[in-house]
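Each chain, letter by letter, is given below.
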Amino acid sequence: MKLYRKEGNILQILSFPNETVEKGDYLLVEDPEANKGLIAQVIDVQFATIPGVLEELLRSLPDGGELIQGEDVDPLEIAPHITYIQDASLLICKIRATVENETLTPSSSWLPSRSQSTIKKLPVPTLLKLAKINGKLPITLGSTKDSSLLTVDASSIDGRLNIITGKKETGKSHLSKLLMSSLVSYRATVVIFDLNGEYVSLGMSSDGKRNINYDKIHVLTPSQNFKVALKQLSLRILLGILVHALHLPGTSTREFRRIWKELREKDKLTLRELGEIIPNWNCNQHVRDALFSRYHALVNCGFFTDNIGEAALLEEVIVKAKEQGGAIVINLKNTSTIDRQIVVEYILGKLLDTLTAGRLKATFLFAEEAHLYLRETYWDDIVTRMRHYGIFTTFITNQPDTIKESIYRQADNIFLFNFTNEHDLDVVSRAARVDAETVRSIARDLPPHHCLTLGKVVHDFPIVARVKALDIKTMGETRLFFAEMN
Amino acid sequence: MDTLLPKQFADLSLHSLMQSHIHSIQLNEQVFQQPIPEEHLESFRIELEPILLKPICDGKIVAAVDTSTMKIAETNAGIVLAVRGATVWKQNENYRYTRLGPFIFHVTDDNKNEVYNALERSYFSSINGQNRQNSPSLLQMPTRIATLLERWQQSMLTKTIQNGLILFDGSLTAGTPDTPTHRMKETLSNGRNRGNVVLAFSKMTNLRVHGCLITELKLERRPPYLLETTGLRLKPPMVTLGAVYVAKLSKGNCAFRLDIDNGVPSESRVKAVERLLGNDLVSQSYPETLRLAHILCTFTANEVLAMRHFITRKCGLQIINRPDMHKLLFGPFGKGESYS
């Protein structure tokens, strides 16, 4: 390999056919005179502009587009040299750091010698060692192209905002499960908004037997094993549900406050009492109608109960998970949009209460396709307020444009799977911790189950890895019409 | 086809490269154009009544030969040159080719005679007496070695093709240091004996009538046609072994000097051109078979790089760039040596 050009933080390196370099690989450009080197990542592989190649190709096809048949008597064996030159490639590389005395600095301000510099592939383990991507709480994400393990530190996810994105069936849920299981094994509390019931078997291995995390996985299915009594709710949380999930207007909200106060004073905070008091409440008929329709929505969702014995105490599960680590899977499968929003409002409100009261140190929230249940104002809350309380969110989506731009700007880590759509790549490339060229070039060619890891978790050295296999029972598979026939 | 020549070429090529103690080579590309021999034009006449042609499509084989040469580098002792030849033939609507080379030679003042004579002896079993006395200069060597390869390919073609049309690049002028008359006569005779007709197309000519190049004469006739010429006398020992025509074989501005073996009767010569029109594609008055032969043997820039790569690897030569004195002295006004 030979250094050809440097423009800004882009290096162009000439590579010959016997040097197998692919997108995502790291190269070390060492200048022995300067006693330092550049670490650059290959973001594109192009044909080198070799003079005469067009003529070479054209003359092989003069016979009406068919290859002209013939024999080449080439006793000196020049042909391999011709193909060697013709197949030379130009590696477009992004400079990631300067290495000097085994210390990395994010600088690309110096120019290595074109004639004296040596260029070699930098194995991922060496890069990980140089960049000190390790730690006391290792999470092995998978294996890199050179069969080395990509191991990150769990603490680099702690307090961070993460995004897992990629098109359908590329392995997003698989990686989320891997992260969740790893966090749980480090005694972290994880809350999962499980839209398709994919995570309910986190405690089961693929053969259906219980795995090591079985006792730490708490699956809560709203209206089934997860119900709430009004008495267990704070007015703030219930108002959040009424206003944000059920869109109760301001005037009606004020009346509801009064109703709630009266019921609480009489110690009659039940659905039945609420249903009896609203029709007789002295207020405007429209307000009464609005309140009554919301009451019916609460009743019909089946999430609320007057039977205290039937009500599951989320806080209890949280405390349990806090002690030994655990994942609380909120199974939102078969839940209507409104009901889903009610449940999410309740969970987030409850989590905030628990964190504010100091009953929980912090929690990792995994939100799948969050745009389907997260209200507008929560997006900003998540990256600002909730983060400070200790809710560290990981968004999982196959529609990157459903996540607000501010989330991308603030994201600390991005786990990117394959995208081919330009628009999707555009959206992801807005993330502050990544350059657009890297995202566009590498993500487009990622095979299934290969993830481009970007951000703090890899100390800003984007690394491609095949996500390791998990022995977890697969759930959430698409129900197919032709499955049996096939 | 007899591959004895390529083997000899290859052996000599490697030998010349290995034997020399070259420390460095300098890059200096140059394409050699065969010089056009001086001709006596006093008696030269052209018949302005064209011979109109009707294509005859009878499936006769059309074959063509061409070679290319290039000086690919300079050494402190001489030059490194590359030669390649191509034979193309059209049969059953398909073109096929045999390409010989590239052969790379390191030619110095010390070894030029040895290299050239060894090649000549290998292929024609004799050395042209004229050559022994007047050895080619170093600058002429690329053309001379390429001509040697071309003449051998032509000779092989006339011995292997039967009842076909054989196309040469250039003229049928003989008696030059690299084309002895007896050899060209032998080649043409071999061709005739096997029912072939040799046609030679010159891309450039200096033959003029009333000051006008014969290929630039404008006639109000629809091509294809031939214009016959007479009275071409060359300075001895040069001699032309072909009947010289101007061939305008298709629409457009191009016309070429066409030499047809004058051992073939006049009618058969015209028939041969008609057969060429019927059995080969002709674009811009130039036959496709010959065009392909030229294209296939021409060196591309990529191949020049590859050959330099080969000599660097094979002989451990260090390539250096010789400063261009024109650029050095005249800056942006120096257009390089190729313009000098």
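Computed from a predicted model, the values in this text were never measured in an experiment.

Here is what the cut-offs are and how they apply
Residues numbered from 1 in each chain as written. Chains lettered and ligands numbered in written order. Predicted model: local features only at pLDDT ≥ 70, side-chain atom pairs only at ≥ 80, totals over all residues. Helix = DSSP H or I, 4+ residues; strand = E, 2+ residues; numbered from the N terminus. Buried ≥ 20, exposed ≤ 12 C-beta atoms within 10 Å, placed from the backbone. Contact = placed C-beta atoms within 7 Å. Pairing = 2+ DSSP bridges. Axes fitted to C-alpha atoms, helices over the stretch in contact; angles between N-to-C directions. Left-handed = near helix turned anticlockwise from the far one by under 90°. Nonpolar A, V, L, I, M, F, W, Y, C, P; charged D, E, K, R; others polar. pLDDT = per-residue confidence, 0-100. Core = buried A, V, L, I, M, F, W, Y, C linked by C-beta atoms within 7 Å.

(A) Here's a closer look at the overall build of chain A. Across its full length, chain A holds 15 helices and 21 strands. Its C-alpha atoms put chain A at 105 × 60 × 45 Å along the principal axes. Burial analysis of chain A (486 residues in total) assigns 40% to the buried set. For chain A, restricting intrachain contacts to residue pairs at least 6 apart in sequence, the fraction spanning at least 24 positions comes to 72%.

(B) View of the overall build of chain B. Looking only at helices and strands, chain B features nine helices and 21 strands. Per-residue burial for chain B yields a buried fraction of 47% across its 340 residues. Considering only residue pairs separated by 6 or more positions, chain B has 78% of its internal contacts joining residues 24 or more positions apart.

(C) Representation of the interface of chain B and chain A within the structure. On the chain A side, the residues contacting the 28 residues of chain B number 23 residues. Those elements giving two or more residues to the side of chain B that touches chain A turn out to be helix H1 (4–19), strand E8 (94–108), helix H7 (288–297) and helix H8 (301–315) of chain B. The greatest single-element share of the side of chain B that touches chain A, amounting to 10 residues, is contributed by E8(B). Of the strand pairs in this sheet, strand E5 (residues 69–73) of chain A and E8(B) are connected by five bridges, and their pairing is parallel. The partner of A:Gly70 across the bridge, within E8(B), is B:Tyr97.

(D) Structural context of the pairing of strand E17 (residues 242–248) of chain B. All names here are of chain B. Across the seven residues of E17, seven count as buried, placing the element largely inside the fold. With four bridges joining them, strand E14 (residues 225–230) and E17 adopt antiparallel strand pairing. Across the sheet, Glu228 pairs through a bridge with Tyr245, a residue of E17. The pairing of E17 with strand E18 (residues 256–261) spans six bridges and is classified as antiparallel.

(E) Inspection of the packing of helix H5 (residues 235–245) of chain A against helix H6 (residues 250–265) of chain A at higher detail. Residue and element names in this part refer to chain A. Orientation of H5 relative to H6, taken along the N-to-C sense of each, is 145 degrees, at an axis distance of 11 Å. Where H5 crosses over H6, the two elements pack in a sense that is right-handed. Contacts between H5 and H6 involve Leu235, Leu239, Leu242 and Val243 on the former and, on the latter, Thr253, Phe256, Arg257 and Trp260. Of the residues assigned to the contact of H5 with H6, the class counts are six nonpolar, one polar and one charged.

(F) Structural context of the sheet that holds strand E11 (residues 162–165) of chain A. All names here are of chain A. Taken in spatial order, the 11 strands make up an open sheet running E10-E9-E21-E20-E19-E11-E18-E17-E12-E16-E13, and their pairing is mixed. Every interior strand has two partners, whereas the edge strands, strand E10 (149–153) and strand E13 (217–220), have only one. Neighbour to neighbour, the strand axes of the sheet diverge by 25 degrees on average, direction disregarded. Pairing analysis gives four bridges linking strand E12 (residues 189–194) to strand E17 (residues 363–368), with the strands arranged parallel.

(G) Quick look at unusual backbone geometry. Cis geometry is adopted by the peptide bond preceding B:Pro102, which originates at B:Gly101 and carries an omega value of 10 degrees. With respect to the secondary-structure elements, B:Pro102 resides in strand E8. With an omega of 5 degrees, the peptide bond between B:Pro236 and B:Pro237 qualifies as cis. Structurally, B:Pro237 can be placed in the loop between strand E15 (233–234) and strand E16 (239–240). A positive phi angle, close to 65 degrees, is found at A:Ser147, a residue other than glycine. Mapped onto the elements of the fold, A:Ser147 is located in the loop between strand E9 (138–143) and E10. Of note, the phi angle at A:His449 is positive, near 70 degrees, even though the residue is not glycine. Topologically, A:His449 is positioned in the loop between helix H15 (436–444) and strand E20 (450–455).

(H) The confidence of the model for chain B, seen in detail. Residues and elements named next belong to chain B. This prediction gives chain B a mean pLDDT of 82; 84% of its residues lie at or above 70. Considering only residues more than four positions removed or in separate chains, one finds that residues 29–36, a stretch of pLDDT under 50, has 12 contacts. Under the prediction, the complex receives an ipTM of 0.80, its pTM being 0.76.

(I) Structural context of the nonpolar core. Formed by 123 residues in total, the largest nonpolar core has its most connected members in A:Val190, A:Ile192, A:Val329, A:Ile330 and A:Leu416. It is helix H10 (residues 337–356) of chain A that provides the largest number of residues to this core, a total of seven residues. Ignoring sequence-local partners within four residues, the contact set of A:Val329 consists of A:Ile192, A:Asp194, A:Tyr199, A:Val200, A:Leu202, A:Ile217, A:His218, A:Val219 and A:Leu220. Counting residues in each nonpolar core, the second largest holds 91 residues, with B:Val65, B:Ala82, B:Phe103 and B:Leu241 among its members.

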